[in-house]
Amino acid sequence: MNAETQRGEVIIEGNYATLKYERRLAHPREVVWKAITDPRELAMWFNNKAVINGRNGGTIDFVTGPAGFHTTGRILVWDPPRVFEHEWHTAPHPQLPNGEAEAVIRWELVRDGDSSTILTMTFSRLTKPTALGFAPGMHAFLDRLEANLNGDPLPDWVLQYDAVKSFYPS
């Protein structure tokens, strides 16, 4: 699939927005689950230092690159290997001077045949300006996730961001 056919949606509601992506991944749900919840896996494709207390009511603590956002939050749904939903409280940062205090990320994995998974990632309650900046960035990260799962070289995040940003409103 090419990048344009894998583009996500940006749903704007007043001053807030939701990003939604759906990817069909040629890997079993358990493999995809590990890629989105294991700190070693996240370090590779999400360029992220992660601490995850994997349980309902547990916590996440991420330092995400390349921008260096520090994000914490409570795990709202931990249902392996189906749903991982957590808060996304970003500390103030030069690109987000007021932080991003109320966002939520939901990763849903649905079995698609014997060895494929439909991944739906929803990033909700973002401020509109943050969502517009994050839309191509999350697309680029999901491209890196797919490459990582496939054992392919990971696309450079900055180059991939630039390659897909025209698919999203600015």
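Residues numbered from 1 in each chain as written. Predicted model: local features only at pLDDT ≥ 70, side-chain atom pairs only at ≥ 80, totals over all residues. Heavy atoms only, no water.

Draft legend 1. Structural view of the overall build of the protein. Broken down by element type, the protein carries four helices and eight strands. Order of helices (α) and strands (β) in the protein, N terminus to C terminus: β-β-α-α-β-β-β-β-β-β-α-α. Computed over its C-alpha atoms, the radius of gyration of the protein comes to 15 Å, within 12% of the 15 Å expected for a compact globule of 170 residues. Taking the principal axes of its C-alpha atoms as reference, the protein extends roughly 45 × 35 × 30 Å. Taken over 170 residues, the protein has a buried fraction of 49%. Contacts spanning at least 24 positions in sequence make up 50% of the contacts within the protein whose residues lie at least 6 apart. Carbon and sulfur atoms provide 51% of the accessible area of the protein, an area that totals close to 8,300 Å². (Helix = DSSP H or I, 4+ residues; strand = E, 2+ residues; numbered from the N terminus. Rg over C-alpha atoms; globule rule 2.2 N^0.38 Å. Buried < 20%, exposed > 50% of the residue type's maximum accessible area, 1.4 Å probe, protein only. Contact = heavy atoms within 4.5 Å. Areas by Shrake-Rupley, 256 points an atom, 1.4 Å probe, with all protein chains shown as cover.)

Draft legend 2. A look at the packing of aromatic side chains. Under the defined criterion, the tally for this structure stands at 12 aromatic pairs. Measuring from ring centre to ring centre gives 5.0 Å for W45 and F46, while their planes differ by 35 degrees; the resulting arrangement is tilted. Judged on exposure class, the residue W45 and its partner F46 are both buried. Ring geometry for W157 against Y161: centres 5.2 Å apart, planes inclined by 40 degrees, an arrangement best described as tilted. (Phe/Tyr/Trp six-rings, centres within 6.5 Å; stacked < 30°, edge-to-face > 60°.)

Draft legend 3. Molecular detail of the pairing of strand β3 (residues 48-52). Here β3 shows a buried face lined by N48, A50 and I52 and an unburied face lined by K49 and V51. Looking at chain direction, β3 and strand β4 (residues 59-64) are connected through five bridges and run antiparallel. The residue of β4 that forms the bridge with A50 is F62. Taking the residues between adjacent antiparallel strands as the criterion, β3 and β4 are bridged by six residues, where G57 takes a positive phi near 85 degrees. (Pairing = 2+ DSSP bridges.)

Draft legend 4. Looking closely at the sheet that holds strand β7 (residues 100-112). The antiparallel open sheet is built from eight strands, whose spatial order is β1-β2-β8-β7-β6-β5-β4-β3. Of all the strands in the sheet, just β1 (9-13) and β3 have a single pairing partner and so form its edges. The sheet shows a mean angle of 20 degrees between the axes of neighbouring strands, direction not considered. Judged from the five bridges that link them, β1 and strand β2 (residues 16-25) form a sheet pairing that is antiparallel. What sits directly across from I11, in β2, is T18. Strand contacts of helix α1 (residues 29-37): β2, β3, β5 (69-79), β6 (83-90), β7 and β8 (116-127), with the helix running at about 160 degrees to β7, the strand carrying the most contacts. Relative to β2, helix α3 (residues 128-150) is tilted by about 15 degrees, and along the sheet it contacts β1, β2, β4, β5, β6, β7 and β8. (Axes fitted to C-alpha atoms, helices over the stretch in contact; angles between N-to-C directions.)

Draft legend 5. Looking closely at the side chain of R29. Along the chain, R29 turns up in helix α1. As a buried residue without a salt bridge, R29 has its nearest oppositely charged side chain in E30, at a separation of 4.6 Å. Leave out the neighbours within four places in its chain, and R29 touches P81, R82, L109, V110, R111 and T117. (Lys, Arg positive; Asp, Glu negative; His and termini not counted. Salt bridge = Lys/Arg side-chain N within 4 Å of Asp/Glu carboxyl O.)

Draft legend 6. Examining the pattern of salt bridges more closely. For the coordinates displayed, the defined rule picks out 10 salt bridges. In this structure, R24 and D112 form a salt bridge, with 2.6 Å as the shortest nitrogen-oxygen distance. Of this pair, R24 sits in strand β2 while D112 sits in strand β7; the two residues are 88 residues apart in sequence, bridging distant segments of the chain. Under the relative-accessibility criterion, D112 is labelled partly exposed at 26%. In this structure, R106 and E85 form a salt bridge, with 3.3 Å as the shortest nitrogen-oxygen distance. Residue R106 is found in strand β7, and its partner E85 is found in strand β6; the two are separated by 21 residues along the sequence. With a relative accessible area of 24%, R106 lands in the partly exposed category. Residue E85 is classed as buried on the basis of its relative accessible area of 15%. Through salt bridges that share partners, R23, D143 and E146 make up one connected network.

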